[in-house]
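Read off the chains here:
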Amino acid sequence: MTTIKTIYLGELRTENEHLQSGNKVITDAPTDNRGKGEYFSPTDLLATALGSCIMTIMGIKARDNGIDIEGTQVDVTKIMASDPRRVAEVVVEFTFPAKNYTDEEKQLVESVAGISPVPLSLHPDLVQTIRFNW
């Protein structure tokens, strides 16, 4: 069954519908690649998927162990390369709320960062830099 339906709107823009929920995301080509840069670019979504997937799997691990990480912020930086044009590195930096986490709680949450579906699905040449600020 199809998961996402994409329609090309012209002007290097697409509309992407998540069929199960009906939610839509519009993408634009970035300004450095002839686009308007008014929406996420496809490579922005790739970087976003990496950060949000790691956050989700850490959330599962935290919930299963009674650790409250609500309010954690994730800053994602996408670094492009050329020849060929591609995402060369994604830096994912987590900043956790000040909640006096124990070393064991920190280790539990951090232990799942690289084993969620998106990090495991990306090409090994893509550098995934993950940082934790407790």
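Look above for the structure.
The rules behind each value
Residues numbered from 1 in each chain as written. Predicted model: local features only at pLDDT ≥ 70, side-chain atom pairs only at ≥ 80, totals over all residues. Heavy atoms only, no water. Helix = DSSP H or I, 4+ residues; strand = E, 2+ residues; numbered from the N terminus. Contact = heavy atoms within 4.5 Å. Lys, Arg positive; Asp, Glu negative; His and termini not counted. Charge placed at Lys NZ, Arg CZ, Asp CG, Glu CD. Pairing = 2+ DSSP bridges. Core = buried A, V, L, I, M, F, W, Y, C linked by side-chain atoms within 4.5 Å. Buried < 20%, exposed > 50% of the residue type's maximum accessible area, 1.4 Å probe, protein only.

1. Side note on the overall build of the protein
Consideration 1: Helices and strands together make up the secondary structure of the protein, namely three helices and six strands.
Consideration 2: The principal-axis extent of the C-alpha atoms belonging to the protein is close to 50 × 35 × 25 Å.
Consideration 3: Of all intrachain contacts in the protein linking residues separated by at least 6 positions in sequence, the fraction that spans at least 24 positions is 48%.
Consideration 4: Between the averaged position of the 13 positive side-chain charges in the protein and that of its 19 negative side-chain charges there is a distance of 6 Å.

2. A few points about the pairing of strand S4 (residues 73–81)
Consideration 1: Relative to strand S5 (residues 86–95), S4 is paired through nine bridges, and the arrangement is antiparallel. In the strand pairing of S5, Val76 is matched with Val92.
Consideration 2: Between S4 and S5, which pair antiparallel one after the other, the connecting turn spans four residues, and Asp83 there sits at a positive phi close to 60°.

3. Focus: the pairing of strand S3 (residues 24–28)
The side chains of a regular strand alternate, residue by residue, between the two faces of the sheet.
Consideration 1: Note: strand S2 (residues 13–18) against S3, five bridges, orientation antiparallel. By the bridge assignment, Glu17 is partnered in S3 with Lys24.
Consideration 2: Between S2 and the antiparallel strand that follows it, S3, lie five residues; Gly22 among them carries a positive phi value of about 85°.

4. Remarks on the environment of Gly22
Consideration 1: Looking at where Gly22 falls in the secondary structure, it is placed in the loop between S2 and S3.
Consideration 2: For the pair Gly22 and Ile4, spaced 18 residues apart in sequence, the C-alpha to C-alpha distance is 9.4 Å.

5. Quick word on the nonpolar core
Generally speaking, a soluble globular protein has its nonpolar side chains buried in company with each other.
Consideration 1: Among the nonpolar cores identified, the biggest contains 20 residues, and Met58, Ile67, Ile69, Val90, Phe94, Phe96 and Val109 are the most heavily contacted of them.
Consideration 2: Residue assignment for this core shows that the elements contributing at least two residues are helix H1 (42–64), S5 and helix H2 (103–110).
Consideration 3: It is H1 that contributes the most residues to this core, six residues altogether.
Consideration 4: Residues within four places of Val109 in sequence aside, it is in contact with Met58, Ala62, Ile67, Ile69, Phe96 and Trp134.

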